[in-house]
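# Secondary and tertiary structure notes
Listed here are the chains, written in short residue letters.
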Amino acid sequence: ILNVEQSPQSLHVQEGDSTNFTCSFPSSNFYALHWYRWETAKSPEALFVMTLNGDEKKKGRISATLNTKEGYSYLYIKGSQPEDSATYLCAKSLMEYGNKLVFGAGTILRVKS
Amino acid sequence: NAGVMQNPRHLVRRRGQEARLRCSPVKGHSHVYWYRQLPEEGLKFMVYLQKENIIDESGMPKERFSAEFPKEGPSILRIQQVVRGDSAAYFCASSWAARSGANVLTFGAGSRLTVL
């Protein structure tokens, strides 16, 4: 059974705090790791796609790293803002299945001002 | 570019009726995916289609569910004889180019089905 696990399940931080979440996945049959940001009542929105071990991606205050050998990815948010409040999803893509993604359950982030 | 458009946003059906959910992908995208989110669960893959072809339907329930993506028009997810357990949010996503796991998916806002 393929399981993509995310932790923590939810996180409450104060504005200005930096935070990070973990996504762990089976390292076999790996092609790509996706991160999506999902605000309430909106569509999931792509943040990063990473394919290579050691990949690091950055977009503004948000960055992500990837370790395909041990099967984990970290998402970091520096100086959290209330508008960062959302559910953060990671998903693994299986090479032989094209762009079929297996999603984790997500980490819910709430940033208090 | 209007993004992925899904309709209806909300659909209420009685047990035994049929539900049809429509998805228009991003202009230029020829690959469509359907995902389902059951209450208190994450997004689960259902089916992957290209124009006129089903590429992977390994996540589709074997009965009552079908999907198509015709040459012209939107992709349709059809659920026949709905039951209460079909109540969920159904999300459509699209991507461009070849079958690559590194292609970003663009998601629609979802269609929420409620079965009474």
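The coordinates are above.
Attention here is on the structure that accompanies the text.

Cut-offs applied
- Residues numbered from 1 in each chain as written.
- Chains lettered and ligands numbered in written order.
- Predicted model: local features only at pLDDT ≥ 70, side-chain atom pairs only at ≥ 80, totals over all residues.
- Heavy atoms only, no water.
- Helix = DSSP H or I, 4+ residues; strand = E, 2+ residues; numbered from the N terminus.
- Rg over C-alpha atoms; globule rule 2.2 N^0.38 Å.
- Buried < 20%, exposed > 50% of the residue type's maximum accessible area, 1.4 Å probe, protein only.
- Contact = heavy atoms within 4.5 Å.
- Areas by Shrake-Rupley, 256 points an atom, 1.4 Å probe, with all protein chains shown as cover.
- Lys, Arg positive; Asp, Glu negative; His and termini not counted.
- Charge placed at Lys NZ, Arg CZ, Asp CG, Glu CD.
- Polar contact = N/O pair within 3.5 Å; in protein donor to acceptor, adjacent residues only side chain to side chain.
- Phe/Tyr/Trp six-rings, centres within 6.5 Å; stacked < 30°, edge-to-face > 60°.
- Salt bridge = Lys/Arg side-chain N within 4 Å of Asp/Glu carboxyl O.
- Pairing = 2+ DSSP bridges.

## So, the overall build of chain B
Across its full length, chain B holds 0 helices and 11 strands. Its helices and strands taken in sequence order, chain B reads β-β-β-β-β-β-β-β-β-β-β from the N to the C terminus. Since a compact globule built from 116 residues should have a radius of gyration of about 13 Å, the 13 Å found for chain B is in line with a globular shape. By principal-axis analysis of the C-alpha atoms, chain B measures approximately 40 × 30 × 30 Å. Taken across its 116 residues, chain B has 46% of its residues classed as buried. Of all intrachain contacts in chain B linking residues separated by at least 6 positions in sequence, the fraction that spans at least 24 positions is 52%. Total accessible area on chain B is roughly 5,900 Å²; 46% of this is exposed by carbon and sulfur atoms.

## Points about the overall build of chain A
A count of helical and extended segments in chain A gives 0 helices and 11 strands. In chain A, the order of α-helices and β-strands from amino to carboxyl end is β-β-β-β-β-β-β-β-β-β-β. Expected size for 113 residues packed as a compact globule is a radius of gyration near 13 Å; at 14 Å, chain A falls within 12% of this value. In terms of its C-alpha atoms, chain A occupies a principal-axis envelope of roughly 45 × 30 × 20 Å. When each of the 113 residues of chain A is scored for burial, the buried share is 50%. A separation threshold of at least 6 residues defines the contact pool for chain A, and within that pool the share at least 24 residues apart is 55%. Total accessible area on chain A stands at roughly 5,600 Å², and carbon and sulfur atoms take up 46% of it. Seen as two clouds, the 12 positive and the 11 negative side-chain charges of chain A have centres 2 Å apart.

## Details of the environment of serine 85 of chain A
All names here are of chain A. Relative to the helices and strands, serine 85 is located in the loop between strand S8 (72-77) and strand S9 (86-93). Spatially, the C-alpha atom of serine 85 lies 31 Å from that of lysine 69, the residues being 16 residues apart in sequence. In this view, serine 85 contacts Arg37, Glu39, Leu109, Arg110 and Val111; residues no more than four positions away in its chain are not counted. For serine 85, the side chain forms a polar contact with the main-chain oxygen of proline 82, separated by 2.9 Å.

## Quick notes on the packing of aromatic side chains
Evaluated as defined, the whole model comprises 12 aromatic pairs over all chains. Ring geometry for tyrosine 36 of chain A and phenylalanine 103 of chain A: centres 5.9 Å apart, planes at 50 degrees, overall tilted. Separated by 67 residues along the polypeptide, tyrosine 36 of chain A in strand S4 (residues 32-38) and phenylalanine 103 of chain A in strand S10 (residues 101-103) bring together distant segments of the chain. We classify tyrosine 36 of chain A as buried; its relative accessible area is 0%. For phenylalanine 103 of chain A, a relative accessible area of 7% corresponds to the buried category. Taken together, a centroid distance of 5.9 Å and an interplanar angle of 55 degrees make the contact between tyrosine 35 of chain B and phenylalanine 107 of chain B tilted. Separated by 72 residues along the polypeptide, tyrosine 35 of chain B in strand S4 (residues 31-37) and phenylalanine 107 of chain B in strand S10 (residues 106-107) bring together distant segments of the chain.

## Focus: the pattern of salt bridges
Counted under the stated rule, the structure contains 6 salt bridges over all chains. Among the ionic pairs, arginine 37 of chain A bridges to glutamate 39 of chain A, the shortest N-O distance being 2.9 Å. By relative accessible area, arginine 37 of chain A is classed as buried at 13%. A salt bridge links arginine 20 of chain B to glutamate 18 of chain B, with the nearest nitrogen and oxygen atoms 2.8 Å apart. Arginine 20 of chain B sits in the partly exposed class, given a relative accessible area of 39%. One continuous salt-bridge network, built from bridges that share partners, spans Arg37, Glu39 and Lys42 of chain A.

## Looking at the pairing of strand S11 (residues 107-112) of chain A
All names here are of chain A. The alternating pattern of S11 places Thr107, Leu109 and Val111 on a buried face and Ile108, Arg110 and Lys112 on a face that is not buried. Here 3 bridges tie S9 to S11, and the two strands are oriented antiparallel to one another. Across the sheet, residue tyrosine 88 finds its bridge partner in S11, namely threonine 107.

## A few points about the environment of glutamine 6 of chain A
Residues and elements named next belong to chain A. Counting through the fold element by element, glutamine 6 comes out in strand S1 (residues 5-7). Glutamine 6 sits in the buried class, given a relative accessible area of 13%. Note: C-alpha distance between glutamine 6 and leucine 47 (41 residues apart in sequence) is 16 Å. If we skip the residues at most four places from it in the chain, glutamine 6 touches Thr22, Cys23, Trp35, Tyr88, Leu89, Cys90, Gly104, Ala105, Gly106 and Thr107. There is a polar contact of 3.0 Å between the side chain of glutamine 6 and the backbone nitrogen of cysteine 90.

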